[in-house]
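Descriptive structure summary
The primary structure of each chain is shown beneath.
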Amino acid sequence: MEAARNNPYLAHMHNGGNAATGGQGGPNEAFNALVPLSTTSAQQEAVENDACNGLTGRPFTQKYKDILAKRRDLPVNKQRQKFLDLIHKNQFVVLVGETGSGKTTQIPQYMVFDMLPQVDGKMIACTQPRRVAATSVAQRVADELDVKLGQQVGYSIRFEDCTSSNTVLKYCTDGMLLREAMSDNLLSRYSAVILDEAHERTLNTDILMSLMKNIASQRSDIKIIVMSATLDSEKFQKYFNDAPLLTVPGRTFPVEIYYTPEPERDYLEAAIKTALQIHAAEPEGDILLFLTGEEEIEEACRLLHARGDDLIRRANCGPLLIVPLYSTLPPNMQQKIFEKAPEPRSKGGAPGRKIVVSTNVAETSLTIDGIVYVIDPGFAKQKVYNPRVRVESLLVSPISRAAAQQRAGRAGRTRPGKCFRLYTEKSFNNDLIEQTYPEILRSNLGSIVLQLKKLGINDLVHLDLMDPCAPEVLMRALELLHYLGALDDDANLTDIGHLISEFPIDPQLAKMIISAPNYGCTNEVLSIAAMLSVPNVFLRPREAQRAADMAKAEFAHMDGDHMSLLNVYHAYKGCSEPSQWCWDNFLQLRSLKAADNIREQLRRVAAKSNIPLLSNDFNSADYYPKIRKAMTAGYFMQVAHLERNGQYLTVKDNQIVLLHPSSVLERKPEWVVYNEFVLTKRHYIRTVTEVKPEWLLDIAPHYYDLSGFPPCEGKRILEKIALKNALAQEEQETRKRKKETSEKKDKKDKKDRSDKDKKDKKDKKEKRDKRK
DNA sequence: GAGCACTGC
């Protein structure tokens, strides 16, 4: 109680924040005795053991007490005092804890009791890379603290803010906190920020880490905790000014690792063999097989079905449930991974088994219970960025040792498991890289650079990132933003740049939206932007490709794919039963719903930025051309020209590209804008719409300064038009000059005339006067 | 005439 007397906030606490409600509750004495940034583990436990909730004044429920017992048992609780000591003495703490340590749920609560956010009005934030994690952990912690979700504990993710003025602990996606920082550069609403899953090194986490380091140097009152699951803690410690490290053991079961003695030539074949061998020889327990993509997974499932049936017949094995899993799979199909393994065919017969064949989605995003065996061929599709051609693409490549470890861990969540790696141990040690390259080294940074500018970080070259990005990638981003008019010649944010940065989408898309009012078509452009921001809406199941193509043709627009997307969106908004309608038309309902959500968000941003929401008369001949002009204002850097040999060449880069076969365009328009450059066996441009070369010169004259263009037909055509424009302009000017000269002459004549008139009048008057 | 790992504002 000594501390309580010294607590300057105590009076406030007793009077306000902690009033008992309903008569049955009461103050939590231990809670009221807490002093910010000096609590002990014992004090905190006393607060939790009290009869009443310090945060609400209400008596604790039985449910609370049941959960509390389990929380006390978590590995992280044994280190509570150590953690508090570290955070009292340091601004940064790095915490490493494996699965099951309890760090994500407990550490933020320790911080709540230690910083007493209800006293100074500043919140504790805990960031997650994914939305589901933010919402589900917030719910769990609300239960643990015996409060209603959205009150003292809440979450904030895109499209959903579940917080209130009472919120002291907020779980949010890292992207959300970054957005907040764009309008509050010092994150002044927070007294502590906990960055969770930092080892994943997502783009947003990396930026956020840099930002927090920057903020910490300006705010000595803020505490920052970086939590990670890997043992690569030294890098984090070093980055955060030699921060102290706390290691918390996890709670998982051992996983035995097996390697192949020789390298496998065909990993798909090897994977299927291994799965069936496990089924034939290993005890009960489900299998998780990692493959790289949809097509491979469907193929593997077909083979497993065929050979599995054969095996079951011959070897009297139990029945198999084979389930594919990838993110674009419809939700009802995804649910299948939670089904139980099938029962034995006869009582006492061999047990059934579930085989989940999955992409990386099962590595971090989805947890499947009951997995005992993991098969890891060692490959995944990974994003790579080529700044030279400004293209992001997906490439099947070997995973890292950290990812392999993560995959193996999936076998030991419920009991001891086994992991079969389809590569040699030597290969694991010598060929695999230690960590997957962080996303920031594999991405186009256009949007990120704009965000950084908005965050008040101007010196990008000396930006303090954990892994600095390649200068060429930065250059490309700056170049793009400069051409869009978002940055001036000194790389400072312009008014346009401020506007663009308000939109949570690609800068080109945002530019298209803010240009739309010039063409009176904001509403339509918002719809197109939303449709371009979601995964492909068109489904094309292998068994119904023709029917799907026919359904798609119904939406085709002769101007191109963007207008077809607009047709789809309008039709979707007009249909009465979206679910049935989507099924009938081979459309992805999930994507359309997402598009609708995004459109609403974009509309709100536009309205807030005073961008008028306009539409042209649908029957006007200009309706579509005006939309295409607005698109050109955003995408003038992604234009291709059809050369006379029938090949498209991208403008300025002179890359040979093909219209993607998914395009609705049946003819080949001479000039097109494209949304995406797809790099597979060939170079494709996907989602394509016809434009006019005159527009390019009108709308983006700074980009279409032809002197810097490599020679090609497109350039010659543009030059001709430019010449014509120049001549026309000259002619116009000449005419204007002539008109001016003649006007001047007229004016002079008029003046002369009027002078003469005056003189005549005067003379006449004089004459009259004389006569008098 | 062909793909679409996964997130996120």
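Residues numbered from 1 in each chain as written. Chains lettered and ligands numbered in written order. Predicted model: local features only at pLDDT ≥ 70, side-chain atom pairs only at ≥ 80, totals over all residues. Heavy atoms only, no water.

Per an unreviewed UniProt entry, chain A goes by the name RNA helicase and belongs to Coemansia thaxteri. In its Sequence similarities (unreviewed entry) section, the UniProt record describing chain A reads: "Belongs to the DEAD box helicase family. DEAH subfamily. DDX15/PRP43 sub-subfamily." Quoted verbatim from the Function (unreviewed entry) field of the UniProt record, the comment on chain A reads "Pre-mRNA processing factor involved in disassembly of spliceosomes after the release of mature mRNA." (UniProt positions renumbered as here; feature names shortened; annotations may be inferred.)

Here we come to the overall build of chain A. Each helix and strand in chain A was counted, giving 30 helices and 21 strands. In terms of overall dimensions, chain A has a C-alpha envelope of 135 × 80 × 55 Å along the principal axes. Looking at chain A as a whole, 51% of its 772 residues are labelled buried. For chain A, the share of sequence-separated contacts (at least 6 apart) that also reach a separation of at least 24 residues comes to 73%. Averaging the locations of the 107 positively and 100 negatively charged side chains of chain A gives two centres separated by 6 Å. (Helix = DSSP H or I, 4+ residues; strand = E, 2+ residues; numbered from the N terminus. Buried < 20%, exposed > 50% of the residue type's maximum accessible area, 1.4 Å probe, protein only. Contact = heavy atoms within 4.5 Å. Lys, Arg positive; Asp, Glu negative; His and termini not counted. Charge placed at Lys NZ, Arg CZ, Asp CG, Glu CD.)

Now for the UniProt feature "domain: Helicase ATP-binding" (unreviewed entry) in chain A. Here, UniProt's "domain: Helicase ATP-binding" (unreviewed entry) annotation points to residues 84–249. Across residues 84–249, helical content stands at 42% and strand content at 25%; the span's end C-alpha atoms are separated by 17 Å.

Okay, a nonpolar patch on the surface next. Residues I433, Y437 and L441 make up a contiguous nonpolar surface patch of roughly 260 Å² in combined accessible area. Note that L441 resides in the loop between α18 (425–430) and α19 (446–454). Classification of L441 as partly exposed rests on a relative accessible area of 34%. (Patch = residues over 30% accessible without salt bridge, like charges linked within 9 Å, V, L, I, M, F, W, Y side chains within 5 Å. Areas by Shrake-Rupley, 256 points an atom, 1.4 Å probe, with all protein chains shown as cover. Salt bridge = Lys/Arg side-chain N within 4 Å of Asp/Glu carboxyl O.)

Right, let's talk about the protein's contact with DNA strand B for a bit. In the region of DNA strand B, 31 residues are neighbours, and R131, R158, S327, K381 and Y684 sit closest. Each atom of DNA strand B within 4 Å of the protein was assigned to sugar, phosphate or base; sugar and phosphate come to 62%. R158 is positioned such that a nitrogen or oxygen atom in its backbone is 2.5 Å from a phosphate oxygen of DNA strand B. Secondary structure elements with two or more residues in the surface near DNA strand B: α10 (174–183), β14 (379–386) and β21 (683–690). For the surface near DNA strand B, the element with the highest residue contribution is α10, accounting for three residues. Taken together, the residues that form the surface near DNA strand B break down as ten nonpolar, ten polar and eleven charged. (Near = heavy atom within 4 Å. Polar contact = N/O pair within 3.5 Å; in protein donor to acceptor, adjacent residues only side chain to side chain. Nonpolar A, V, L, I, M, F, W, Y, C, P; charged D, E, K, R; others polar.)

Core analysis: the biggest nonpolar cluster contains 115 residues, and F503 and Y704 have the highest contact counts within it. The biggest single contributor to this core is helix α11 (residues 203–218), with eight residues. Once you skip the residues sitting within four places of it in the chain, F503 turns out to touch R179, A510, I513, I514, L602, V605, A606 and I611. Residues L74, C126, V141 and I194 belong to the second largest nonpolar core, which totals 41 residues. (Core = buried A, V, L, I, M, F, W, Y, C linked by side-chain atoms within 4.5 Å.)

Attention shifts here to the pattern of salt bridges. Under the criterion given, the structure shown has 38 salt bridges. Here E363 makes a salt bridge to R407, at a shortest N to O gap of 2.9 Å. Residue E363 is located in helix α16 (residues 361–364), and its partner R407 is located in helix α17 (residues 401–409); the two are separated by 44 residues in the primary sequence. Each member of the pair E363 and R407 is classed as buried. One salt bridge connects E479 with R390, and the closest N-O pair in it is separated by 3.5 Å. Remark: R390 occurs in the loop between β14 and β15 (391–398) and E479 occurs in helix α20 (residues 471–483); sequence separation between them is 89 residues. A relative accessible area of 27% places E479 in the partly exposed class. One salt-bridge network, in which partners are shared between bridges, spans E45, E48, R71, R72, R80, R140 and E144.

This part is about the packing of helix α22 (residues 507–515) against helix α23 (residues 522–532). It is at 9 Å that the axes of α22 and α23 come closest, and there the two elements cross at 170°. As far as their axial angle goes, α23 and α22 are roughly antiparallel. Contacts between α22 and α23 involve L509, M512 and I513 on the former and, on the latter, T522, V525, L526, I528, A529 and L532. Residues that form the contact of α22 with α23 fall into these classes: eight nonpolar, one polar and no charged. (Axes fitted to C-alpha atoms, helices over the stretch in contact; angles between N-to-C directions. Parallel < 35°, antiparallel > 145°, perpendicular 65-115°, else oblique.)

So, on to the sheet that holds strand β8 (residues 245–248). The strand order across the open sheet formed by eight strands is β4-β3-β5-β2-β6-β7-β1-β8, and the pairing between neighbours is mixed. The outermost strands of the open sheet, each flanked by one partner alone, are β4 (160–162) and β8. On average, each strand axis in the sheet is inclined to that of its neighbour by 20°, with strand direction left out of account. Note that strand β3 (residues 153–157) and β4 share three bridges and pair antiparallel. Across the sheet, I157 pairs through a bridge with E160, a residue of β4. Docked against the sheet, α11 engages β1 (92–97), β2 (123–128), β6 (190–195) and β7 (223–228), running at close to 150° with respect to β6. (Pairing = 2+ DSSP bridges.)

As recorded in UniProt, the sites labelled "domain: Helicase C-terminal" (unreviewed entry) are residues 271–456. This span, residues 271–456, is 35% helix and 24% strand, and a straight line between its end C-alpha atoms measures 50 Å.

This paragraph deals with the environment of P387. Mapped onto the fold, P387 is located in the loop between β14 and β15. With 86 residues separating them along the chain, P387 and V473 place their C-alpha atoms 5.5 Å apart. Sequence-distant contacts of P387, that is, excluding residues within four places in its chain, are made with E472, V473 and R476.

For any pair of aromatic rings, the description rests on two quantities: the centre-to-centre distance and the angle between the ring planes. Applying the stated criterion to the full structure yields 18 aromatic pairs. An angle of 25° between the planes, with centres 4.9 Å apart, marks the rings of Y267 and F379 as stacked. Of this pair, Y267 sits in helix α13 (residues 267–281) while F379 is found in strand β14, placing the two residues 112 residues apart along the sequence. Taking relative accessible area as the criterion, F379 reaches 27% and is therefore assigned partly exposed. Between Y703 and Y704, the aromatic rings sit 5.2 Å apart at their centres with planes inclined by 75°, giving edge-to-face as the arrangement. Pair check on accessibility: Y703 and Y704 agree, each one buried. Three or more aromatic residues joined by ring pairs make a cluster, and in this case those are Y483, F636, Y703, Y704 and F709. For K552, the ring lying beneath its charged end belongs to F538, and the centroid distance is 4.4 Å. Just above the ring of Y703 sits the side chain of K652; from NZ or CZ to the centre is 3.9 Å. (Phe/Tyr/Trp six-rings, centres within 6.5 Å; stacked < 30°, edge-to-face > 60°. Lys NZ or Arg CZ within 6 Å of the ring centre and 35° of its normal.)

Turning to the pairing of strand β5 (residues 169–173), a few remarks are in order. Among the five residues in β5, five count as buried, and that is most of the element. Neither face of β5 is left uncovered, since the one carrying L169, Y171 and T173 and the one carrying K170 and C172 both have all their residues buried. Direction of pairing for β2 relative to β5: parallel, over a ladder of five bridges. Residue pairing in the sheet places T127 in a bridge with C172 of β5. As paired elements, β3 and β5 share four bridges and run parallel to each other. Bridge pairing links Y155 to Y171 in β5.

This next bit is on the environment of E554. Here E554 shows up in the loop between α24 (545–553) and α25 (561–574). The exposed category is assigned to E554, whose relative accessible area is 67%.

Right, let's get into helix α4 (residues 41–49). All of the buried residues in α4 are S41, Q44, V47 and E48. Seen from one end, α4 has its buried residues packed into an arc of 120°, which puts them on one side. Against the buried residues of α4 lie α3 (29–32), α5 (62–72), α6 (80–89) and α7 (103–115). (Arc of directions from axis to C-beta.)

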